[in-house]
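Close look at the chain arrangement
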Amino acid sequence: GLDSQQAQHIWSFLDDLANKDPEEYKKFMEEKMREAKQLAKTTREQREKPCFVISSTTTGTSNRLYINFLSSSRCPALQKKNGKPAGLKTPI
């Protein structure tokens, strides 16, 4: 994240740009908004998707343990030790 000095520097830059060249400021902000929208879209497409959950009790207690399984396009496909794709019933 940004510290307060870095944030102040950015705000000063934007204030100066807005005062000196409002048209350039507008172009700059529109470009940053396009970049942010593209990043949000990319992030949304890569978001994990729920698959299933396992629920169990912890030995000797009544505490419940939940393990959520997700899929994601960012995770590589499972492979065997020899590098070939692993099937659903293939030990990895």
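The model shown is predicted, which means the values in this text are computed figures rather than measured ones.

It is worth spelling out the pattern of salt bridges at this point. Within this structure, the stated rule accounts for three salt bridges. Residues Arg34 and Glu31 are paired through a salt bridge, measuring 2.8 Å at the closest nitrogen-oxygen approach. Taken together, the residues span about one helical turn, with Arg34 and Glu31 both in helix H2 (residues 22–46) at a distance of three residues. Residue Lys32 is joined to Glu35 by a salt bridge in which the shortest nitrogen-to-oxygen separation is 3.2 Å. With Lys32 and Glu35 both in helix H2 and three residues apart, the pair spans about one turn of that helix.

Below, the discussion takes up a nonpolar patch on the surface. A cluster of nonpolar side chains, Phe52, Ile54, Leu65, Ile67 and Phe69, forms an exposed patch at the surface whose accessible area comes to about 450 Å². Breaking the nonpolar patch down by element, the ones donating at least two residues are strand E1 (49–57) and strand E2 (64–71). Tracing the sequence through the fold places Ile54 in strand E1. Judged by its relative accessible area of 40%, Ile54 is partly exposed.

With that out of the way, let us pick up the packing of aromatic side chains. Applying the stated criterion across every chain yields a total of two aromatic pairs. An angle of 75° between the planes, with centres 5.7 Å apart, marks the rings of Phe13 and Phe28 as edge-to-face. A residue pair is termed long-range when its members are at least 10 positions apart, and Phe13 in helix H1 (residues 4–20) and Phe28 in helix H2 qualify at 15 residues. Given the relative accessible area of 28%, Phe28 is considered partly exposed. A centroid spacing of 4.5 Å and a plane angle of 15° characterise the contact between Phe52 and Phe69, whose relative ring orientation is stacked. With a gap of 17 residues between them, Phe52 in strand E1 and Phe69 in strand E2 connect regions that are remote in the sequence.

Moving on to the pairing of E2. One ladder, built from eight bridges, connects E1 with E2; its direction is antiparallel. Looking across to E2, one finds that Ser55 is bridged to Tyr66. Here E1 folds back onto E2, and the loop between the two strands holds six residues, one of which, Gly60, carries a positive phi near 80°.

The rules behind each value
Residues numbered from 1 in each chain as written. Predicted model: local features only at pLDDT ≥ 70, side-chain atom pairs only at ≥ 80, totals over all residues. Heavy atoms only, no water. Salt bridge = Lys/Arg side-chain N within 4 Å of Asp/Glu carboxyl O. Helix = DSSP H or I, 4+ residues; strand = E, 2+ residues; numbered from the N terminus. Patch = residues over 30% accessible without salt bridge, like charges linked within 9 Å, V, L, I, M, F, W, Y side chains within 5 Å. Areas by Shrake-Rupley, 256 points an atom, 1.4 Å probe, with all protein chains shown as cover. Buried < 20%, exposed > 50% of the residue type's maximum accessible area, 1.4 Å probe, protein only. Phe/Tyr/Trp six-rings, centres within 6.5 Å; stacked < 30°, edge-to-face > 60°. Pairing = 2+ DSSP bridges.

What is shown is where atoms sit, not what they do.
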